[in-house]
Amino acid sequence: MLLYLTRKLAGAFGVLFVLSALIFFAGRGLVPGNLATTLAGPKASQEAIAAIERELGLDLPIYQAYLDWLAGVLRGDLGTSPLSGQANLDVIAQQVPVSLELSLMGLFFAVLIGIPIGVMAANRAGSGTDWGIRLPLLIVFAFPAFVSGSAALYLATHYLTNLYSPSYIPISDNLVANLQTMLLPALAVGIPTAPLVSQMTRSSMIEVLAQPYIATARTNGISEWRITYQYALRAALPPVLTLIGFIFGLLVGGLFIVEQIFSLPGLGRGILSAISNRDFSQVTAQAMVIAGVFILGNLLVDLALPFVDRRILRK
Amino acid sequence: MSTVAHRRRPSRSVRWPVRGVVANIAIFLILFYVVLAVLGPYLTPFAPNQLNVGPRLSPPSAEHWFGTDALGRDQLSRVVAAAQPALLAAVYAVTFALAIGTVIGIAAGFLGGLWDGALSRLVDLLFAIPEYLLAILVLTIMGSGLINASVAIGIVCIPRFARIARGSTLEIMGRNYIDAARLCGRGRIWIMRRHILPNIASPLVIMTAINLSTAEGAYAALSFLGFGVRPPEADYGSMISSSQQYLLTDPWLVVFPSIAFVVLVLAFNLIGDVMRDRLDPRSRTSAGA
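Residues numbered from 1 in each chain as written. Chains lettered and ligands numbered in written order. Predicted model: local features only at pLDDT ≥ 70, side-chain atom pairs only at ≥ 80, totals over all residues. Heavy atoms only, no water.

A look at the overall build of chain A
Working step 1: Looking only at helices and strands, one finds 13 helices and zero strands in chain A.
Working step 2: Secondary structure of chain A in N-to-C order comes out as α-α-α-α-α-α-α-α-α-α-α-α-α.
Working step 3: Evaluated residue by residue, chain A yields a buried proportion of 49% over its 315 residues.
Working step 4: In chain A, the share of contacts with a sequence separation of at least 24, taken over all contacts with a separation of at least 6, comes to 74%.
Working step 5: When the accessible area of chain A is evaluated, it comes to approximately 14900 Å², of which 65% is carbon and sulfur surface. (Helix = DSSP H or I, 4+ residues; strand = E, 2+ residues; numbered from the N terminus. Buried < 20%, exposed > 50% of the residue type's maximum accessible area, 1.4 Å probe, protein only. Contact = heavy atoms within 4.5 Å. Areas by Shrake-Rupley, 256 points an atom, 1.4 Å probe, with all protein chains shown as cover.)

Digging into the interface of chain B and chain A
Working step 1: On the chain A side, the residues contacting the 46 residues of chain B number 51 residues.
Working step 2: Each partner contributes to the roughly 4200 Å² buried at the junction of chain B and chain A, and carbon and sulfur atoms together form 79% of this total.
Working step 3: The interface formed by chain B and chain A contains zero salt bridges.
Working step 4: At the junction of chain B and chain A, the tally comes to zero residue pairs in polar contact (both at pLDDT 80 or more).
Working step 5: Put simply, the parts of the chain that give the side of chain B that touches chain A at least two residues each are helix 2 (17–43), helix 6 (131–142), helix 10 (201–224), helix 11 (236–242) and helix 12 (252–279) of chain B.
Working step 6: Here the side of chain B that touches chain A takes 11 residues from helix 12 of chain B, the largest share from any one element.
Working step 7: Here the side of chain B that touches chain A is built from residues that sort into 31 nonpolar, eight polar and seven charged. (Buried area = accessible area lost by both parts, 1.4 Å probe. Salt bridge = Lys/Arg side-chain N within 4 Å of Asp/Glu carboxyl O. Polar contact = N/O pair within 3.5 Å; in protein donor to acceptor, adjacent residues only side chain to side chain. Nonpolar A, V, L, I, M, F, W, Y, C, P; charged D, E, K, R; others polar.)

Describing unusual backbone geometry
Residues and elements named next belong to chain A.
Working step 1: Even without glycine at this site, Ser 263 takes up a positive phi of about 50 degrees.
Working step 2: Inspection of the secondary structure puts Ser 263 in the loop between helix 10 (224–262) and helix 11 (267–276).
Working step 3: For Ser 263, a relative accessible area of 43% corresponds to the partly exposed category.

Considering the nonpolar core
Working step 1: Among the nonpolar cores identified, the biggest contains 168 residues, and Phe 146 and Phe 256 of chain A together with Ile 196 and Tyr 236 of chain B are the most heavily contacted of them.
Working step 2: The element contributing the most residues to this core is helix 10 of chain A, with 19 residues.
Working step 3: Sequence-distant contacts of Ile 196 of chain B, that is, excluding residues within four places in its chain, are made with Ile 106, Phe 110, Thr 169, Ile 172, Met 173, Ile 178 and Ile 191 of chain B. (Core = buried A, V, L, I, M, F, W, Y, C linked by side-chain atoms within 4.5 Å.)

A closer look at the environment of Thr 169 of chain B
All names here are of chain B.
Working step 1: Tracing the backbone shows Thr 169 in helix 7 (residues 146–173).
Working step 2: Along the chain, Thr 169 and Gly 109 lie 60 residues apart, while their C-alpha atoms are 5.5 Å from each other.
Working step 3: Of note is the side chain of Thr 169, whose polar atom sits 2.6 Å from the backbone oxygen of Ala 165.

Right, dumping it as structure tokens:
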């Protein structure tokens, strides 16, 4: 168990480290030409430009600048945006709850819809019902977040006006009002993701149902319902759990788009506006947070796996 | 051996009539889009980028079947014109990922040892980055555009090809003909090209089919976010995003490009799904993961 844990933790930190370099250089690449000249304005003197360069650490060689920035990140200091003057951490602290709530609710809907459908399809694998279940799912899966999001917004504003309120209210202010803004966006993220979950559940269940111990359970007269949900589903769960970690990454993509459509003040929309403002400091901070949360999510899945399937530790 | 395979095939297609039909429909749909992409400029009633060919924001009519957009451009012509960048992006991205992923995978599987360790770590690393974040970071470094967006998507897809190429290579490494070639004094590059590549081609082809739909969806999403072809050119993602503000008053501006795009992705998904069953019924999803 300890070895497994250390390996997974080391892997997560390694990924985060390499990502930090990529993010830092992407941030620097965001600003064409010399940032200091841009900031100082067209008529600034040489001294003013040099002063800004020194202040932002732009006169340092790039590896030095990266190491300084990384040291700051490790201390929990994500920097201050030279464009807006706001501390990046403050900006992000307001955006994270929105995105986190949206992705967790989206994931919840994806699992709630996906797993039962996958189990049903697996029980009837190969029959007409199987395709009858899979084909609509494939159609739903072809709907990208920006189409399902647009459709949800249209429904929300035309027919479900009671269910949807357009202005975002933090969850701490009013739970019901918060859910009113989040429910439809979460469905727009969750429903197109559900087919992935159900496909994985289906194929994993098919394999488990073919195992000899399922046949043994049948000959022992255990009810079909118990075999499906208590024996087979539990054994079929590990690949589905791994997929859920992977889906977390897909949801990040959904966030970028759905937050844009519903004008939610989350991380996805924030990073896009930071990119269009060429605010490199904020982009790097936001990208680090997204990457960190994603890696943390996958790590949690990895740590949960041994509890579902003890065999994983033996590998 | 081959006679057995021949005898089995007809009975299989009788048992699975749906599978053949589904695949045929998907292939027909994709060919339809290919025709649109190639002949689009000659088929459209108006030039897709020409302004004010009709009244602005007019609903679908006999003259403008899909209506016109806020700049008075003919929506039907633009939907047809958008087929080209959509298909090109998917093909570029998957070709890029296939080429690089296959080389990485074969090298890792065939050379083994330290090479395998280093290349596999690299692939795991790429796999561990959220896809859209990676694509958007790459695009902020390189700038937007059709080619750059395709490369960004290609980078995201590399690990999938590398993994399957490595796995398949390891599977055939123990075969006698590899040892025979070695004993004959063939070089490593020769063996990889002449023996390994042809023998792992079929899973790679299937992986390509699966990834086309992912790449298609990813490109449209990036284009929706403004990283695709530059504005005047028609593109499903950017058409839908620029029509967002008219969604409530003139929904057809969103509806037609959405339908065109969803049908295209669905066709790719169907092909991918049929192919996936052949590759391995287990642990494959529409994301190709």
